Amino acid sequence: MSKRLQSNVNLALVVVFLLSAAVAAADFRLRDYCPPGFELTAGNACILHTLYDNYDSLQNAGVGGLKSALPPVRDGFSPQQIDLGRYLFFDPVLSGDNSMSCASCHHPALAFTDGRGRSIGMTGDATRRAAPSLWNVAFLQRFFWDARADSLESQMTEPLYSPLEMGSNPTKLLRDLGQNDAYVGLFRQAFPAGEGPPTLDQLYTAIAAFETSLISLNSRYDQYAHGYHEALTDDEIAGLNIFRSFVARCAECHTPPLFTNQQIAVIGVQEPDGLPFDAGAGDTSDNPTWRGGFRVPSLRNVAMTPPYMHSGTFDSLRDATEFYTLGRGHALPDEEKQRMILHWHIWEPDLGSAEVDLLVAFLGTLTDQAFLPDIPDAVPSGLRPVGTAPAGLNSLATGNRE
Amino acid sequence: MIKTLVQIVVVVALIMLGAVIGTRYASDNRATVVGDNARFAAANNAGGALTQSVGGSATGRVLEVRDGESIQAAVAEAGPGDVIRVYPGVYNETVYIDKDDLVLGGVIQSGAWPVLDGEKTLNDAILYSGNDITIENLHIQHYKGNAIMGQAGNNFLIRNNLIIDTGVYGIFPEFGTNGLITHNVLSEIEDAAIYVGMSDNIHVTSNEVFNNVAGIEIENTRHSIVENNYVHDNTGGVLIFITPGLPIKTTYDNIVRNNFIVNNNTPNFGAEGSIVAGIPAGTGILNMAADRTTIEGNVITGNKVIGILITDHMNAPNLTLDPEAEPNSDEIAILNNLMWGNGGDTIAEIKALKALSMVDDDVDILNVGTSTGSCILDHDRYPTVGLGDFGTCGFTTTADVVTYLLPEPAERREITADEMGKRAYYGICAGCHAYNVKMIGPPTQIIQALYMDDPQGIVDYITDPVKKRDDYPEMPPQNYLSEDVRRAAAEYLLTVTQ
């Protein structure tokens, strides 16, 4: 989208906003029941239950094999907090010019990504990296590709306030939320102990509550893991066996049941043409041996989230998979290779082309969107839900199930 | 392995020489008594056979596999308690066991073994994820990855196997609790022949490992005993490691005792970039960052670089450091061992450290890096370098420690029907059915009204659903859940109140 067109859209959104500023508070009521997967307790908390609760894991680390427990989950938010978070997540009022919502880069129809190699923020310029999927973030300990945030609350302040992303600021957020009767009422429902206008901490809590409700653990792979071996085809099982073999070694870092071990790994992927080298966690930690290191992403729903790697180097899952069999450091310029310590599992597994195909077939079994949340029909700001839609979606609001 | 940074240590230390010699190389802490038998408190000394809590129960059927047939077909048919007997012949397949309580055992007849042969095209011979698995009496050769790899299987028993040239590892259990590896022979493995990774409560005994890069490796693992093994002619004999960057961050309470660790001088043929590729050929025991390792009663001879090397992450080159993994080898105890003829043709870096410490003899034991709370029982027994901070052990033997294997199998958790039903209801049913709200399927309340005292009616319906309501899509069958789980979910659904 050209800058000019973008600013016209922004202008139109502002007009819509003004016209509908009087959205009635009564039009919004928060759900008093939990999202799918969660039990509502007597104390009004939503507690997650999954079949993986039947298992243990070594040192309670949430990594292992087929029948291993998940890592500790972040749950216990109230239904109202989760639902308020849902409205906020899809409301463009959270951006500086009311054009973008969280869903502009984390759209449910794209497994909470935007289909881009690098996300595009409010200015129309590309950011540095790709928007990661939000499925199963309730189990993650660190956030961002370079793992620089250790909570969802601290993570979200960066995209909210970065001029390259949503471009908002605390003053605007407090003003827009505090002057909106509907939001004031919803925050009171979600935070009954609080007084006065909505606070930033309440905003962060509500969005974290919604994000941690995004659970995807009912793929065909999961059916296999729980013991129904007919859930996968022979080819997919062959792919699973390559995935966990010590030749391909995929499962050593993309470890079940979450398909990430949540560590930093230096794998030596090249940047897309023309982009400078990205040192990743080497820049955001005091650990020089993490130069070029990134957080191992979960592979759940990976078939839905092209392009791949931290800045979208690979358009297809097959290309991303094939990267690992083309040789240790094959994609790096020599001078970078000398400066990096590649992960010891990056080697030359010498997989055949057919084996790469089988791996891709297996990765397709990790798709599950049974608990996809609804996009609200309307949000309290009166703006159009979602706002600027990510590339690849035909309309501003799709995927709404209601 | 220690090259690059040992060089740095040497340079720094040489600069300091003449002024102050680093305490590690000059101090003498032998008057301090360090540690006691409390370090073995987690051991299981009840006695009985080591096999009592591991392996398949062998209470079920016997399935026979003969030359020309498929082992995997038998695994697919097998149920808990079954025994698969593989007769002599050649089997070119990858066998995966994603079920519990199975014995996969070869039948050896007149010296003829069943042979699993990967012909250098197949990745792994045997992958298992189930608990209570026995794998025995198999000759496994020519795979690219592993002979036997376990992922999160507990209570495993791997014994009496011949494993030759099977790629990266021979026997590799990972994420397992309670396992016994005994009486196996392994050779020509390009990394560790027996590699226990991220596991707890392990016993490795009476194996012969030779002509591998690493003989036996205990990595990010707690509570193991490595004993009575014949570890010879590898590049490195026995490794006790914390490898940084793994999700399990600790290694402690491991005992290495009564092994023959002999002539481990084979040139390193590890893959480029692998951690073992840095091990100098001629290393007997290498302890990196692991804590509370006890070394006793071993015969450690003829390892030309060093008998025992104790180091930390900072002294290992090309290692990605992990802020969450403690990098030092602490509370190491070296009790009495027979050490002879080690260090006779050592590497330049160790020669420099010897010069620094004014040691002329061939050195049996070297410590580089900080090692807190460590001890040696008899300081005068071995030529050592870098052990000045080591105290004298306040205990003399591990003889009273029988095993760290568990008295009862791990994870035999009883799951009540109510727990199972709740997990299935919320984990699966609730994706379409909310209590009193219309979602994809009708509300739970309506289902409750229809099936009030009839959970079996629900089970029958969800097993093979038919379209019932115009305003809802047809329900997909839930037959991937076992009958027990479907029943538990149905019963739970009828009790939900909100």
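Structure first, text after, so check above.
Conventions adopted
- Residues numbered from 1 in each chain as written.
- Chains lettered and ligands numbered in written order.
- Predicted model: local features only at pLDDT ≥ 70, side-chain atom pairs only at ≥ 80, totals over all residues.
- Heavy atoms only, no water.
- Contact = heavy atoms within 4.5 Å.
- Buried area = accessible area lost by both parts, 1.4 Å probe.
- Salt bridge = Lys/Arg side-chain N within 4 Å of Asp/Glu carboxyl O.
- Polar contact = N/O pair within 3.5 Å; in protein donor to acceptor, adjacent residues only side chain to side chain.
- Helix = DSSP H or I, 4+ residues; strand = E, 2+ residues; numbered from the N terminus.
- Nonpolar A, V, L, I, M, F, W, Y, C, P; charged D, E, K, R; others polar.
- Phe/Tyr/Trp six-rings, centres within 6.5 Å; stacked < 30°, edge-to-face > 60°.
- Buried < 20%, exposed > 50% of the residue type's maximum accessible area, 1.4 Å probe, protein only.
- Pairing = 2+ DSSP bridges.
- Axes fitted to C-alpha atoms, helices over the stretch in contact; angles between N-to-C directions.
- Parallel < 35°, antiparallel > 145°, perpendicular 65-115°, else oblique.

**A few points about the interface of chain B and chain A**
- Contacts between the two partners involve 64 residues from chain B, matched on the other side by 55 residues from chain A.
- For the pair chain B and chain A, the two sides together bury roughly 5,100 Å², of which 57% comes from carbon and sulfur.
- When residues of chain B are sorted by the area they lose upon contact with chain A, R423, Y426 and Y480 of chain B head the list and together hold 12% of the total.
- As a salt-bridge pair, E39 of chain A and K422 of chain B come within 3.2 Å of each other at their nearest N and O atoms.
- At the boundary of chain B and chain A, one finds 18 residue pairs in polar contact (both at pLDDT 80 or more).
- Looking at the side of chain B that touches chain A, the elements with two or more residues in it are strand 8 (124–128), strand 11 (146–151), strand 14 (169–174) and helix 5 (417–427) of chain B.
- Along the lines of polarity and charge, the residues of the side of chain B that touches chain A split into 30 nonpolar, 18 polar and 16 charged.

**Examining the packing of aromatic side chains**
All names here are of chain A.
- By the definition in use, this model includes 29 aromatic pairs over all chains.
- On the basis of an interplanar angle of 75° and a centroid distance of 5.2 Å, the ring pair of F89 and F90 is categorised as edge-to-face.
- On the basis of relative accessibility, which here comes to 0%, the residue F90 falls in the buried class.
- Centre to centre, the rings of F243 and F259 are 5.6 Å apart; their planes meet at 55°, and the pair counts as tilted. With F243 in helix 8 (residues 234–244) and F259 in the loop between helix 9 (250–253) and strand 3 (264–266), this pair connects stretches of sequence that are 16 residues apart.

**Regarding the pattern of salt bridges**
- Tallying each qualifying case throughout the model produces 34 salt bridges over all chains.
- One connected set of salt bridges, linked through shared partners, spans R128, R129, D146, R148, E158, D278 and D283 of chain A.

**Overview of helix 5 of chain B**
- Among the residues making up helix 5 of chain B, those that are buried are M420, G421, R423, A424, Y425, Y426 and G427 of chain B.
- Contact partners of the buried residues in helix 5 of chain B: strand 1 (38–40) of chain A together with helix 6 (444–450) and helix 8 (483–493) of chain B.

**Topic: the sheet that holds strand 28 (residues 299–301) of chain B**
Residue and element names in this part refer to chain B.
- One open sheet accounts for 10 strands, arranged 4-7-10-13-16-19-22-25-28-31; its pairing is parallel. Both edges of this open sheet fall to strand 4 (89–91) and strand 31 (338–340), since each of them pairs with a single strand only. If you compare each strand with its neighbour and ignore which way they point, the axes differ by 10° on average.
- Examined bridge by bridge, strand 10 (residues 139–141) and strand 13 (residues 162–164) share three bridges and lie parallel to one another. Following the sheet pairing, I140 is matched in strand 13 by I163.

**Some thoughts on the packing of helix 3 (residues 152–161) of chain A against helix 6 (residues 200–211) of chain A**
Residue and element names in this part refer to chain A.
- Look at helix 3 against helix 6: their axes get within 9 Å of each other, and the N-to-C directions meet at 105°. By the angle class used here, helix 3 and helix 6 are roughly perpendicular. Side by side, helix 3 and helix 6 meet where L152, E153, M156, T157, L160 and Y161 of the first sit next to L200, L203, Y204, T205, I207, A208 and E211 of the second.
- Residue composition of the contact of helix 3 with helix 6, grouped by class: nine nonpolar, two polar and two charged.

From the geometry alone we can't say anything about function, so treat these as descriptive.
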